[in-house]
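Chain by chain, the residues:
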Amino acid sequence: MSHPKYAFFEGKIVSIEKAKVDIRTNSLQYGNAVFEGIRSYWNKAKSKSYVFKMEDHYKRFIESANILMIKIKHSIPELCDITLDLLKKENYTEDAYIRPYAYNSGLSIGPKLIKNPQDIFIYSIPLGDYLDTSKPISVCTSSWTRISDNSIPPRAKIAGSYVNAALQKTEALLNGFDEAIVLTSNGQHVSEGSAMNIFMVKNNVLITPPITDDILEGITRNAIIEIAKNELDIDVKDRPIDRTELYTADELFFCGTGAQISPIGSVDKRTIAEGKMGKITKKLQDLYFTIVKNESDKYSNWCTEV
Ligand code: PMP
């Protein structure tokens, strides 16, 4: 039988076929749910899977839920244990992606965040590269701007907000690009990709937009900042980035749980770094792929064995 075989649903692990919601479910109607995306990596040499930064993902899950007034009944250690139980049952021998989801499970009509039953589910799927990580991709600046903190807060991973991402990604694909770069809600600065954060290298400084520029505070972004500070002889800054700074960058890359580290070769048809993967991007990518597979002792506390 192909994966996934199981889901954590209504308080227990059930077969995936049994994990079904009613069409009247309030969050299905209004998108008022929050979710996470976590990766587990298969280490072939050790014949083991490792979940990357699981506690950090569940911390953000609870923070996102709090913004939407969803009370998650489980603690972070409990959520981690459920995830590990689920992954043990799936018994993956490949990389996988875990999707925790917290939602308003009541059947009433009306978009509200109170007086609504709430629940969570978790399932996983096998997942290889979401974006190309081996060669630079071509991106455009989206005509769709990012949502703002005072409309749908991008700091929370809100299900309904991914309509914004879908518009950006679809526009990029229809115009022949691989991915979109998205500007802040006021159009003034670079925010992130459709579902990933962005980094720029200029004059040996690694720069990424600040958390107040309508981004999701990425866990991969934080990991990269830490790796770069510890392992590379390079300054790291978070500061607003203008659109045209991208055109003159020495290197550019996307990062995220799905995207991992994906080099960018052109923006709006302007070639970046001669269209090749930059040296710093390559160093960070090599370190990242070593760390997530738990092949680096120094960072082994970032990985949880299944
Ligand atoms: N921004 C958005 C909008 C995302 O959906 C994601 C993917 N979760 C990211 C950034 C990257 O975040 P992370 O590194 O935590 O996966």
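Structure first, text after, so check above.
What counts and what doesn't
- Residues numbered from 1 in each chain as written.
- Predicted model: local features only at pLDDT ≥ 70, side-chain atom pairs only at ≥ 80, totals over all residues.
- Heavy atoms only, no water.
- Helix = DSSP H or I, 4+ residues; strand = E, 2+ residues; numbered from the N terminus.
- Rg over C-alpha atoms; globule rule 2.2 N^0.38 Å.
- Buried < 20%, exposed > 50% of the residue type's maximum accessible area, 1.4 Å probe, protein only.
- Contact = heavy atoms within 4.5 Å.
- Areas by Shrake-Rupley, 256 points an atom, 1.4 Å probe, with all protein chains shown as cover.
- Lys, Arg positive; Asp, Glu negative; His and termini not counted.
- Charge placed at Lys NZ, Arg CZ, Asp CG, Glu CD.
- 1 Å grid on protein atoms, 1.4 Å probe; cavity = no way out; pocket = protein on both sides within 12 Å on 5 of 7 lines; lining within 4 Å.
- Points joined across faces, edges and corners; volume = space filled by probe spheres on them.
- Nonpolar A, V, L, I, M, F, W, Y, C, P; charged D, E, K, R; others polar.
- Domains from an automatic or database assignment.

Student: Would you mind showing me how to read the overall build of the chain here?
Tutor: Along its length, the chain carries seven helices and 17 strands. Here the C-alpha atoms of the chain give a radius of gyration of 19 Å, agreeing with the 19 Å that 2.2 N^0.38 yields for 306 residues. Taking the principal axes of its C-alpha atoms as reference, the chain extends roughly 50 × 45 × 30 Å. Looking at the 306 residues of the chain, the share that counts as buried comes to 53%. Considering only contacts within the chain whose residues lie at least 6 apart along the sequence, 70% involve residues at least 24 apart. Element-wise, carbon and sulfur atoms account for 51% of the exposed surface of the chain, whose accessible area totals about 14000 Å². Treating the 38 positive side-chain charges of the chain as one cloud and the 39 negative ones as another, the clouds have centres 3 Å apart.

Student: Help me understand empty space enclosed by the protein in this model?
Tutor: Over the atoms rolls a probe the size of a water molecule, and its path tells where empty space is left. Applying the stated criterion to the full structure yields two cavities of 30 Å³ or more. Approximately 40 Å³ is the volume found for the largest cavity. Surrounding the largest cavity, Arg39, Tyr41, Phe52, His57, Thr220, Thr257 and Tyr288 form its lining. Looking at the lining of the largest cavity, its residues break down into three nonpolar, three polar and one charged. For the lining of the largest cavity, the two domains that each supply at least three residues are domain 1 (6-126) and domain 2 (137-292).

Student: Teacher, can you tell me more about the layout of surface pockets here?
Tutor: In this structure, the largest pocket encloses a volume near 500 Å³. Around the largest pocket sit 28 residues that line it, and Tyr97, Lys157, Tyr162, Ala195 and Gly258 are the ones nearest its centre. Listing elements by their share of the lining of the largest pocket, those giving two or more residues are α2 (54-67), β6 (96-104), α4 (162-174), α5 (219-231) and β14 (251-256). Residue classes in the lining of the largest pocket are distributed as twelve nonpolar, nine polar and seven charged. Two domains each provide a minimum of three residues to the lining of the largest pocket, namely domain 1 (6-126) and domain 2 (137-292). Lining the second largest pocket are Asp56, Lys59, Arg60, Glu63, Arg155, Ile211, Glu217, Ile219, Arg221 and Asn222.

Everything listed is a geometric property; what it means functionally is a separate question.
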